[in-house]
Amino acid sequence: MRPQPPRLHPFAQADLLAGDEWWRGCPDCHLPIQGGGAGLAAHRSTVHTSAGDPRRQITSHLDF
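These notes cover the structure that comes with them. Remember, it's a predicted structure, so these values are computed and weren't measured experimentally.

What counts and what doesn't
- Residues numbered from 1 in each chain as written.
- Predicted model: local features only at pLDDT ≥ 70, side-chain atom pairs only at ≥ 80, totals over all residues.
- Heavy atoms only, no water.
- Helix = DSSP H or I, 4+ residues; strand = E, 2+ residues; numbered from the N terminus.
- Contact = heavy atoms within 4.5 Å.
- Areas by Shrake-Rupley, 256 points an atom, 1.4 Å probe, with all protein chains shown as cover.
- Salt bridge = Lys/Arg side-chain N within 4 Å of Asp/Glu carboxyl O.
- Buried < 20%, exposed > 50% of the residue type's maximum accessible area, 1.4 Å probe, protein only.
- Arc of directions from axis to C-beta.
- Disulfide = S-S within 2.5 Å.

A count of helical and extended segments in the protein gives one helix and two strands. Counting from the amino terminus, the protein carries its helices and strands in the arrangement β-β-α. For the protein, the share of sequence-separated contacts (at least 6 apart) that also reach a separation of at least 24 residues comes to 19%. About 5700 Å² of surface is accessible on the protein, with carbon and sulfur atoms providing 56% of the total.

Our focus in this paragraph is the pattern of salt bridges. Tallying each qualifying case throughout the model produces one salt bridge. Arg44 is the salt-bridge partner of Asp28, the closest N and O atoms lying 3.9 Å from each other. Taken together, the residues Asp28 in the loop between strand 1 (23-25) and strand 2 (32-34) and Arg44 in helix 1 (residues 36-46) connect sequence positions 16 residues apart. Given a relative accessible area of 35%, Arg44 falls into the partly exposed group.

Along helix 1, the residues that are buried comprise Gly36, Gly39, Leu40 and His43. Viewed along the axis of helix 1, the buried residues span an arc of 100 degrees, placing them on a single side of the element.

Moving on, we get to unusual backbone geometry. Here the phi dihedral of His30 falls at roughly 65 degrees; this positive angle occurs in a residue that is not glycine. Position of His30 among the secondary structure elements: in the loop between strand 1 and strand 2. Note on His30: relative accessible area 65%, which makes it exposed.

Before going further, it helps to examine the side chain of His43. Within the secondary structure, His43 sits in helix 1. Looking at His43, the relative accessible area reads 10%, which means it is buried. Setting aside residues no more than four positions away along its own chain, His43 makes contact with Cys26, Cys29, Leu31, Ile33 and His48.

Let's shift gears to the state of the cysteines. Linking two cysteines covalently via their sulfur atoms produces the bond known as a disulfide. According to the stated counting rule, one finds zero disulfides in the structure shown. Not part of a disulfide, Cys26 finds its nearest cysteine sulfur in Cys29, a span of 3.7 Å. Residue class for Cys26 comes out buried when judged on its relative accessible area of 2%.

Written out as structure tokens, the structure reads:
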């Protein structure tokens with residue numbers, strides 16, 4: 001069995017570093033991020049890249 005590479009994102013609150021919070025907000029887009037500092041780093045490396053934010057803005061028009 002080959003050794004597995006280390007996970008960049010913790011899967012459980014017990015996997016966090018001491019003093020790290022499980023929930024955190026992204027200072028750039030204000031989304032709640034799960035996984036503490038490692039989760040925030042993973043979010044930034046996938047969403048906030050030099051190519052820009054890959055998410056599409058959704059606008060819903062509601063008639064009342």
